[in-house]
Amino acid sequence: EVSSRAIEIARTMLASDDQEVATAAEQFLDGVAGNADASVAGLAEATLDFHAVGLADAARVALQGLGMKLVRGMLAAGQQGMHATFDTGWRGTSDDLRLLLRLPGLLIVSVHGVPVDDKGLAVIGRLRRAARIELYGTGLDEPQVEALAEKLPDTRIELRKGGKLGVAGHPNAVPCHITMVQPGSAAEKAGLQVGDIVAKVADKPIRNFEELTTEIGLHGPGDTLELEIVRGQPGDPEERMTRTIELDAW
């Protein structure tokens, strides 16, 4: 009974607005969870789990209210989890990004066209369970991303300077077939079509879609590139053409 009352008191302290009090309560319950008495340990674990769920729900609601897009995501390897996207609709601050740390199962984080300062980068550097982080048009440079990669050695980090072509394709399929052209994008304005093959970008051979996105990522909004395109239906003669494209922004 004494243990149960102590755990109940700690549970109320977890909800304290005083961060030091809440942290002390969490540390206390962590210690009790290792108690030799299985019933006491189980009660402490259940209290912590319930608290974690509450924090995750509150963080999810707060982030979505600030313009975060949160959906179920999947990697090519079959991993499933949350995919958080911050784009030009994001209305939060770097301090609000800390809420990401409370989301369980966070698999992919995409930052598209949102500047990331040192404080925001520090938060991203704590997302050790994320499998992929996309940094498109964030204002970060290569040394900053290299330092981030050292902190997150098991995370794939993609840096793009902000130039956007507006197409989709299968990452590793050879050759680089275009499977989608975004309406109103730089690609559509230049006349690219679904089924086109991107053979070269600025005279550099392109083998697959991943190489295309890497090459486009080296350029910023407004940059002009020449793409060599191969077009033709199966069985028909192929047509090679050059398209000059001015990149959009993420």
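Here, the structure is the one placed above.
First things first, this report covers the structure right here in the doc.

**Notes on the layout of surface pockets**
Inference 1: Roughly 1,100 Å³ of volume is contained in the largest pocket.
Inference 2: Forming the boundary of the largest pocket are 41 residues, of which E134, Y136, E158, R160 and T213 lie nearest the centre.
Inference 3: At the level of elements, β3 (106-112), β4 (132-136), α5 (142-151), β5 (156-160), β6 (163-164), β7 (167-168) and α7 (209-217) are the ones that each hand at least two residues to the lining of the largest pocket.
Inference 4: Ranked by residues supplied to the lining of the largest pocket, first place goes to α7 with seven residues.

**Some words on helix α1 (residues 2-14)**
Turn by turn, an α-helix covers 3.6 residues, leaving residues three or four places apart pointing in a common direction.
Inference 1: Taking 1.5 Å as the rise per residue, α1 with 13 residues should run 18 Å; its terminal C-alpha atoms sit 19 Å apart, in good agreement.
Inference 2: Within the sequence span of α1, burial applies to I7, A10 and L14. Along the long axis of α1, the arc covered by the buried residues comes to 60°, so they all point the same way. Every exposed residue of α1 that faces more than 90 degrees away from the buried side is listed here: V2, R5 and I9.

**Describing the nonpolar core**
Inference 1: Counting 29 residues, the largest nonpolar core has L63, M68, F86, L100, L106 and L135 as its most contacted members.
Inference 2: Where this core is concerned, the elements lending two or more residues are α3 (38-65), β2 (80-86), β3, α4 (118-124), β4 and α5.
Inference 3: Core analysis: the next-biggest nonpolar cluster, separate from the first, contains 21 residues, V181, A190, L192 and M241 among them.

**As for a positive patch on the surface**
Inference 1: A cluster of basic residues, R98, R126, R128 and K151, forms a positive patch at the surface.
Inference 2: Topologically, R126 is positioned in the loop between α4 and β4.
Inference 3: Taking relative accessible area as the criterion, R126 reaches 44% and is therefore assigned partly exposed.

**Overview of the packing of aromatic side chains**
Inference 1: All chains considered together, the criterion is met by one aromatic pair.
Inference 2: Here the aromatic rings of F86 and W90 are separated by 4.6 Å at their centres, their planes lie at 85°, and the arrangement is edge-to-face.
Inference 3: On the basis of relative accessibility, which here comes to 2%, the residue F86 falls in the buried class.

Conventions used here
- Residues numbered from 1 in each chain as written.
- Predicted model: local features only at pLDDT ≥ 70, side-chain atom pairs only at ≥ 80, totals over all residues.
- Heavy atoms only, no water.
- 1 Å grid on protein atoms, 1.4 Å probe; cavity = no way out; pocket = protein on both sides within 12 Å on 5 of 7 lines; lining within 4 Å.
- Points joined across faces, edges and corners; volume = space filled by probe spheres on them.
- Helix = DSSP H or I, 4+ residues; strand = E, 2+ residues; numbered from the N terminus.
- Expected span 1.5 Å × (residues − 1).
- Buried < 20%, exposed > 50% of the residue type's maximum accessible area, 1.4 Å probe, protein only.
- Arc of directions from axis to C-beta.
- Core = buried A, V, L, I, M, F, W, Y, C linked by side-chain atoms within 4.5 Å.
- Patch = residues over 30% accessible without salt bridge, like charges linked within 9 Å, V, L, I, M, F, W, Y side chains within 5 Å.
- Areas by Shrake-Rupley, 256 points an atom, 1.4 Å probe, with all protein chains shown as cover.
- Salt bridge = Lys/Arg side-chain N within 4 Å of Asp/Glu carboxyl O.
- Lys, Arg positive; Asp, Glu negative; His and termini not counted.
- Charge placed at Lys NZ, Arg CZ, Asp CG, Glu CD.
- Phe/Tyr/Trp six-rings, centres within 6.5 Å; stacked < 30°, edge-to-face > 60°.

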